[in-house]
Amino acid sequence: MTETRLRFPPSPTGYLHIGGARTALYNWLYAKKTGGKLVLRIEDTDTGRSSAESIKGIIDGLKWLGIDYDEGPYFQTDFEADHVAAAQKLLASGAAYKCFCTKEELDSKREAALAAKQPLGYDRTCRHLAAEEIAAKEAAGIPSVIRFKVPERNGLLGYDDKIFGRIEAAYTEIDDFVIVRSNGKPLYLLCNVVDDIRDRITHIIRGQDHMTNTLKQVLLYEALGEQLPVFGHMPLTLDTKKAKISKRSHGEIVAVQFYRDNGFIPWAFNNFLALLGWSAGNDQEFFSKEELIRDFSLERINKSSAIFNYKKDDPKFITDPKAIYFNEHYLRTMEIGELGDMVRKELEAENLWQECYASDRKKWYLDTLALIRDRFHTLKDFTSLGRAYFADDFMVEPKPLEKNVLKFAELQTWLPELAARYENLSEFTLEETERVVRELAEELSIKPGILINGMRTVVTGQLAGPSMFDIVLTLGKEIIVRRLRNVGKFFNRQ
RNA sequence: GUCCCCAUCGUCUAGUCAGGUCCAGGACAUCGGCCUUUCACGCCGACAACACCGGUUCAAAUCCGGUUGGGGACGCCA
């Protein structure tokens, strides 16, 4: 068997969104699984809407996800000569014809049909023009497009879809579609096929919205005398109102960039995307890259479309809760060194990174991440919720400040007293630091919790966190003593 | 309007091709509980679905037909 070759052909008319990312991922997985190649082809023939910025966004998005390609990016506009040659070949062989209907005529016919609730297709006005009529119109300088001449056959046109099974439709249902614009520029349906043939694509895995295109393209392969690739159409990703997800109507929440900028772990997001419409057939949800490549199959892609359950304006979930869950899982279980590299980038961006975290304080750095990661949702939390571990300029949240500190005015003396005792402690250990707190609480006849929660807030700015004495040891005597002594500042600013 | 596709908990899904082991399993979310100085994590538990109607069969989530619902396509966009 020849090598499998797949492609991801985005049109650069916006950022990479999750639907596109999922398509890219499935193609990538299948290419990897079969030891084949993945080609990136930018379909930029719509010059009006294509942009360099969008191309960059797509490439950056794929890079962030870790979806690498073996060839490309190729640009469709670089192969215009191929497309034109194919169109000429079809014209010459009688598989296509010139159509002189104007866009205005067609538009008004379409609108009329729509209003009258009649079928929409092209009425084939120019299909049977005699050679003299064509010559006359051309001599008169009337512009024309080239349309594909759908064969007049009885029976059904069809192909075997790897995901949906046999797909068929009557020949009479297929429109004579335009393959070349009146300005001579070939259109998607043709370009796409010509490029896939040239790139020797063996498997076309794309969205279900292409299903009707596929029927037409099957005809193009036939007319061009080429062998059909394997087709597989993936169900679309819908929004919570069951509408197709689009860049236009959903904004940043469906952009891959959004997940990068909000501290998602690339593989966690891939894992989530992979499970949106595919399952291994068992209860496994977490897959390493190797496992996913090994277990992935086209046949197990679900036929019904999946809903991307994002929560708009929900303070608790910035996106689909399951996507967050996957992120949390990886955040908590991934190899700590790998997490360290990711968090490093976050710290650097906030000017909190210190070189010693990579050298003599490396153990401290990684231990600290291991201590605090259990409560975090994204990479961003390390510099927001976890800021107190890396800097003194952390925010103290109002709720715990009120509840754990301001409520007890005596903390202004208790905490500095605790600081003094800590300072004189010869053994600054878990046991000793805890003992000292409990001892002080007993002397003051208060619950240890008052001291503990007060110090947690003063020292980390947070209502919740790891075990208090783990924090004490992690931050170290000097910082703890300093922050405890400073408790007065919270009262003074009232 | 025409054509194509789909249909299991709120969401992602297992089970459907090879009908019985499924009064339907897992995960997320939600709600309780345990743990705890806090909050999480973790663990335990609860809630919650075979769209509907017929048919075939000893037996249907599973096969067949229809209905309904949903999605997609119908561009000189890709």
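Bear in mind the structure is a predicted one, so any value in this text is a computation, not a measurement.

Visitor: How should I be thinking about the layout of surface pockets in this particular structure?
Guide: A probe matching the size of a water molecule, rolled over the atoms, marks out where space remains unfilled. In this structure, the largest pocket occupies an estimated 1,200 Å³ of space. At the level of elements, strand E1 (5-8), helix H1 (18-33), helix H6 (188-198), strand E9 (203-207) and helix H8 (247-250) are the ones that each hand at least two residues to the lining of the largest pocket. Broken down by element, the lining of the largest pocket gets its largest block of residues, four residues, from H1. Grouping the constituent residues of the lining of the largest pocket by class yields 13 nonpolar, 14 polar and eleven charged. Size it by volume and the second largest pocket reaches roughly 910 Å³. Mapped onto the lining of the second largest pocket, the elements with two or more residues apiece are helix H4 (103-115), strand E5 (145-148), H6 and helix H7 (211-223). Looking at the lining of the second largest pocket element by element, the count peaks at six residues for H4. Class assignment of the residues belonging to the lining of the second largest pocket gives a composition of 14 nonpolar, five polar and ten charged.

Visitor: Quick question: what am I supposed to make of the state of the cysteines here?
Guide: Throughout this description, disulfide means a covalent bond between two cysteine sulfur atoms. Within this structure, the stated rule accounts for zero disulfides. In this structure cysteine 99 is a free cysteine whose sulfur lies 3.8 Å from that of cysteine 101, the closest cysteine sulfur available. You can call cysteine 99 buried: its relative accessible area is 0%.

Visitor: Please explain the sheet that holds strand E4 (residues 96-99) as it appears in this structure.
Guide: Strands belonging to one sheet form pairs held by backbone hydrogen bonds; the direction of such a pair is parallel or antiparallel. With antiparallel pairing, three strands are arranged side by side in an open sheet as E4-E5-E8. Strands at the two margins of the open sheet, each flanked by one partner only, are E4 and strand E8 (178-180). In this sheet, neighbouring strand axes are inclined to one another by 45° on average, regardless of whether the strands run parallel or antiparallel. Inspection of the sheet shows E5 paired to E8 by two bridges, in the antiparallel sense. Each bridged residue has a counterpart across the sheet, and for arginine 147 the counterpart in E8 is valine 178. In this fold helix H3 (residues 80-92) packs onto E4, E5 and E8, with an angle of close to 95° to the strand it touches most, E4.

Visitor: Sorry, what's going on with the protein's contact with RNA strand B here?
Guide: Around RNA strand B lies a shell of 64 residues, among which Asp46, Thr212, Glu285, Lys316 and Arg375 are the nearest. A share of 71% is what sugar and phosphate atoms reach among the atoms of RNA strand B within 4 Å of the protein. A distance of 3.4 Å separates a sugar or linking oxygen of RNA strand B from a polar side-chain atom of asparagine 453. Among the elements of the structure, H4, strand E7 (165-170), H7, strand E12 (306-307), helix H12 (321-333) and helix H18 (448-460) are those that each provide at least two residues to the surface near RNA strand B. The leading source of residues in the surface near RNA strand B is H12, at four residues. A class-by-class count of the residues in the surface near RNA strand B yields 22 nonpolar, 19 polar and 23 charged.

Visitor: What am I meant to see in the nonpolar core here?
Guide: Within soluble globular proteins, side chains that are nonpolar generally end up buried alongside one another. Membership of the largest hydrophobic core comes to 144 residues, with the highest contact counts inside it found for Tyr365, Phe390 and Tyr422. With near-sequence residues (within four places) excluded, tyrosine 422 lies in contact with Phe428, Thr433, Val436, Val437, Met455, Phe469, Val472, Lys477, Ile480, Val481 and Leu484. Counting nine residues, the second largest nonpolar core, distinct from the first, contains Tyr97, Cys101, Tyr122 and Leu129.

Visitor: What should I look at first to understand the confidence of the model for chain A in this one?
Guide: Counting all residues, the mean pLDDT for chain A is 93, and 99% of those residues have values of 70 or more. For chain A, H8 is the element with the lowest average pLDDT, namely 78, and E1 is the one with the highest, namely 98. Among the scores for the predicted complex, ipTM is 0.95 and pTM is 0.94.

Visitor: I tried to follow the packing of aromatic side chains on my own but got confused; where do I start?
Guide: Between two aromatic rings, the relevant description is the distance of the centres plus the angle of the planes. The tally for this structure, following the rule as stated, stands at 28 aromatic pairs. With a centroid separation of 5.5 Å and 80° between ring planes, the pair formed by tyrosine 422 and phenylalanine 428 is classed as edge-to-face. A connected cluster of aromatic rings, assembled from ring pairs, spans Trp64, Phe258, Tyr259, Phe264, Phe269, Phe272, Phe286, Phe308, Tyr310, Tyr325, Phe326 and Tyr330. The ring of tyrosine 122 carries arginine 147 above its face, with NZ or CZ at 3.5 Å from the centroid.

Visitor: I'm lost on the pairing of strand E10 (residues 230-234) in this one. Help?
Guide: Side chains on a regular strand alternate between the two faces of the sheet. Counted residue by residue, E10 has four buried out of five residues, so it is predominantly covered. In this region the chain leaves E9, passes through H7 and returns to the parallel neighbour E10; the handedness of that crossover is right-handed.

Visitor: Help me out: how do you make sense of unusual backbone geometry in this one?
Guide: In terms of backbone geometry, most residues other than glycine have negative phi values and most peptide bonds are trans. Omega for the peptide link from glycine 72 to proline 73 comes to 5°, which places this bond in the cis form. Within the fold, proline 73 resides in strand E3 (residues 71-75). Positive phi is not limited to glycine here, since arginine 200 has a value of about 55°. Among the secondary structure elements, arginine 200 is positioned in the loop between H6 and E9. Look at arginine 200 and you get exposed, because its relative accessible area is 52%. Of note, lysine 242 is a non-glycine position whose phi angle comes to about 65°, a positive value. Within the secondary structure, lysine 242 sits in the loop between strand E11 (237-238) and H8.

Definitions and limits used
- Residues numbered from 1 in each chain as written.
- Chains lettered and ligands numbered in written order.
- Predicted model: local features only at pLDDT ≥ 70, side-chain atom pairs only at ≥ 80, totals over all residues.
- Heavy atoms only, no water.
- 1 Å grid on protein atoms, 1.4 Å probe; cavity = no way out; pocket = protein on both sides within 12 Å on 5 of 7 lines; lining within 4 Å.
- Points joined across faces, edges and corners; volume = space filled by probe spheres on them.
- Helix = DSSP H or I, 4+ residues; strand = E, 2+ residues; numbered from the N terminus.
- Nonpolar A, V, L, I, M, F, W, Y, C, P; charged D, E, K, R; others polar.
- Disulfide = S-S within 2.5 Å.
- Buried < 20%, exposed > 50% of the residue type's maximum accessible area, 1.4 Å probe, protein only.
- Pairing = 2+ DSSP bridges.
- Axes fitted to C-alpha atoms, helices over the stretch in contact; angles between N-to-C directions.
- Contact = heavy atoms within 4.5 Å.
- Near = heavy atom within 4 Å.
- Polar contact = N/O pair within 3.5 Å; in protein donor to acceptor, adjacent residues only side chain to side chain.
- Core = buried A, V, L, I, M, F, W, Y, C linked by side-chain atoms within 4.5 Å.
- pLDDT = per-residue confidence, 0-100.
- Phe/Tyr/Trp six-rings, centres within 6.5 Å; stacked < 30°, edge-to-face > 60°.
- Lys NZ or Arg CZ within 6 Å of the ring centre and 35° of its normal.
- Right-handed = clockwise from strand over helix to strand, strands pointing away.

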